[in-house]
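Summary of the model geometry
In case you want the letters, here they are:
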Amino acid sequence: MHGFTQGIARLYTKSHMDSTFFAGNRQALLDQLKKGALVVMTGYGEVQRSHDSAHRFDQEANFWYLTGVEQADWWIVIDGAHGTEWLVAPDRDEIQQVFDGAADTDRAMATSGIRTILTRDDAMRRLRELAKHHSIVYTTEQPAYLREQAHFQLNNAQAELKKMLERTFLNVQTCNRELATLRTVKQPVEIAAIEKAIKVTVTAFEYMKKALPVAKHEYELQAVLDYEIRRQGAKGHAYDPIIAGGLNACTLHYVHNDDPLNKKGLVLFDIGARINGYAADISRTYALSSPTKRQQAVHDAVREAQEACIALLRPGLAFSEYHERCEQIMKAALERLGLAPERYREYFPHAMGHGLGVDVHDPLTGHDSLQPGMVLTVEPGLYIRDEAIGVRIEDDILITENGH
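Criteria and thresholds
- Residues numbered from 1 in each chain as written.
- Predicted model: local features only at pLDDT ≥ 70, side-chain atom pairs only at ≥ 80, totals over all residues.
- Heavy atoms only, no water.
- Helix = DSSP H or I, 4+ residues; strand = E, 2+ residues; numbered from the N terminus.
- Rg over C-alpha atoms; globule rule 2.2 N^0.38 Å.
- Buried < 20%, exposed > 50% of the residue type's maximum accessible area, 1.4 Å probe, protein only.
- Contact = heavy atoms within 4.5 Å.
- Phe/Tyr/Trp six-rings, centres within 6.5 Å; stacked < 30°, edge-to-face > 60°.
- Lys NZ or Arg CZ within 6 Å of the ring centre and 35° of its normal.
- Patch = residues over 30% accessible without salt bridge, like charges linked within 9 Å, V, L, I, M, F, W, Y side chains within 5 Å.
- Areas by Shrake-Rupley, 256 points an atom, 1.4 Å probe, with all protein chains shown as cover.
- Salt bridge = Lys/Arg side-chain N within 4 Å of Asp/Glu carboxyl O.
- Arc of directions from axis to C-beta.

1. Considering the overall build of the chain
Of the regular secondary structure elements, the chain holds 14 helices and 18 strands. A globule of 404 residues ought to have a C-alpha radius of gyration of about 22 Å, and the chain, at 23 Å, matches this closely. Across its three principal directions, the C-alpha atoms of the chain cover 70 × 50 × 40 Å. Considering the chain as a whole, with its 404 residues, one finds that 51% of them fall into the buried category. At a minimum sequence separation of 6, the contacts of the chain that also span at least 24 residues come to 70%.

So, in structure tokens, the structure goes:
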């Protein structure tokens, strides 16, 4: 698997995503499935924000990886048996076209490299014909942990498509794992996009730091970050930014960013720009004035732990060994601070990191150990609620042939 992915990476050497990139990803998926596979997938649908308005749209990562299409409600059909592929445009009536515009078929064709675009009705007729020749159809669905544990309403586009396919085909299977394995090892053009997103994010941090001495509220600092990220041409934040002063930093996904700043406290930032479809994810924690000895000690402990964890990273390192050694490093940090290591998960309740790519939490799938081309975050943190201290430091790391 790794060798094949490296082969695709060698073939695609341009500095930006175009139809060649997305076509290569589609072929790589077919190569992982049974010969002559049929794949039918949907992008996300738009989701209600309030009353009759929709949230800003972000495309489903697997669908984007195969097509580059960033509009809502599109489908793709890939018939490996006959070497044909189609995009299926969403149905938009005249009123919707006035408010939201028509489906941009020209852009979809140019980006994806797929020359045939069908209406929904034409697609349904063709799928019924394909069902006579294909006993299996592959699609995607929301991961099981999201269905079981997420505390929000899931985008239902994939579930609705799967229900339709189950009425049409005898055997509907998912190809989530095959796609996750392909996305785990990045191609050079993907790495370049992540690097650019990181540079934009770092520049935004530098501008924001100039505002630290005069800012009185979390939202003032977010305003600087918002402006600078967009000014540099990024699509925007890859996720809702975290600007958490004092005790707020002990809530891991604090995104209100509205509270007054205590000049004697710390403020934790977790931000990442999105460039060419790919995300950065960087965290820093700053003192708003001179830090106390305790604040400095906690920050030093987290920084030293991060340096030690990053130093471990190399190709061939088993994930199990990495996680075990990171746990030892964090428990030692707690002991140095006079905190009970048996309360480890209270003070450090999240993972040491995750994959990074199209999704901020991108897959690390199909391998037991680190491989060249993987990109992951390293983000130790310590959250001491009774002292109102929360510190996280996070960087984005590329695994190379010889290290990181």
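Picking up where we left off.
2. Quick word on the packing of aromatic side chains
Applying the stated criterion across every chain, the model contains seven aromatic pairs. Ring centres of phenylalanine 22 and tryptophan 64 lie 5.2 Å apart, and the angle between their planes is 90°; on these two criteria the pair is classed as edge-to-face. Of this pair, phenylalanine 22 sits in helix α2 (residues 19–32) while tryptophan 64 sits in helix α3 (residues 61–67), and the two are 42 residues apart along the sequence. Judged by its relative accessible area of 6%, tryptophan 64 is buried. The interplanar angle of 75° and the centroid separation of 5.6 Å between the aromatic rings of tryptophan 64 and tyrosine 278 together place this pair among those described as edge-to-face. Within this pair, whereas tryptophan 64 is found in helix α3, its partner tyrosine 278 is found in strand β13 (residues 278–279), the two being separated by 214 residues in sequence. An aromatic cluster of at least three residues, connected via ring pairs, comprises Phe21, Phe22, Trp64, Tyr65 and Tyr278. Its end group placed over the ring of tryptophan 75, arginine 120 keeps NZ or CZ at 4.1 Å from the ring centre.

3. Quick look at unusual backbone geometry
The backbone phi angle of aspartate 73 is positive, close to 70°, even though this residue is not glycine. A positive phi angle, close to 55°, is found at alanine 388, a residue other than glycine. Relative to the assigned elements, alanine 388 resides in the loop between β16 (381–384) and β17 (389–392).

4. Considerations on a nonpolar patch on the surface
Together, Ile95, Val98 and Phe99 give the surface a local cluster of nonpolar side chains, amounting to about 400 Å² of exposed area. Counting through the fold element by element, isoleucine 95 comes out in helix α4 (residues 94–100). Judged by relative accessible area, isoleucine 95 falls into the exposed class, the value being 60%.

5. Structural notes on helix α5 (residues 105–112)
Every buried residue of α5 is listed here: Ala108, Met109 and Ser112. Along the axis of α5, the buried residues cluster in a sector spanning 95°; they form a single face. Pointing more than 90 degrees away from the buried face of α5 are the exposed residues Asp106, Arg107 and Ala110. In the core, the buried residues of α5 are packed alongside α2, α3, β5 (84–88) and β6 (117–118). At the C-terminal side of α5, glycine 113 shows a positive phi close to 80°.

Just distances and angles here, no functional claims.
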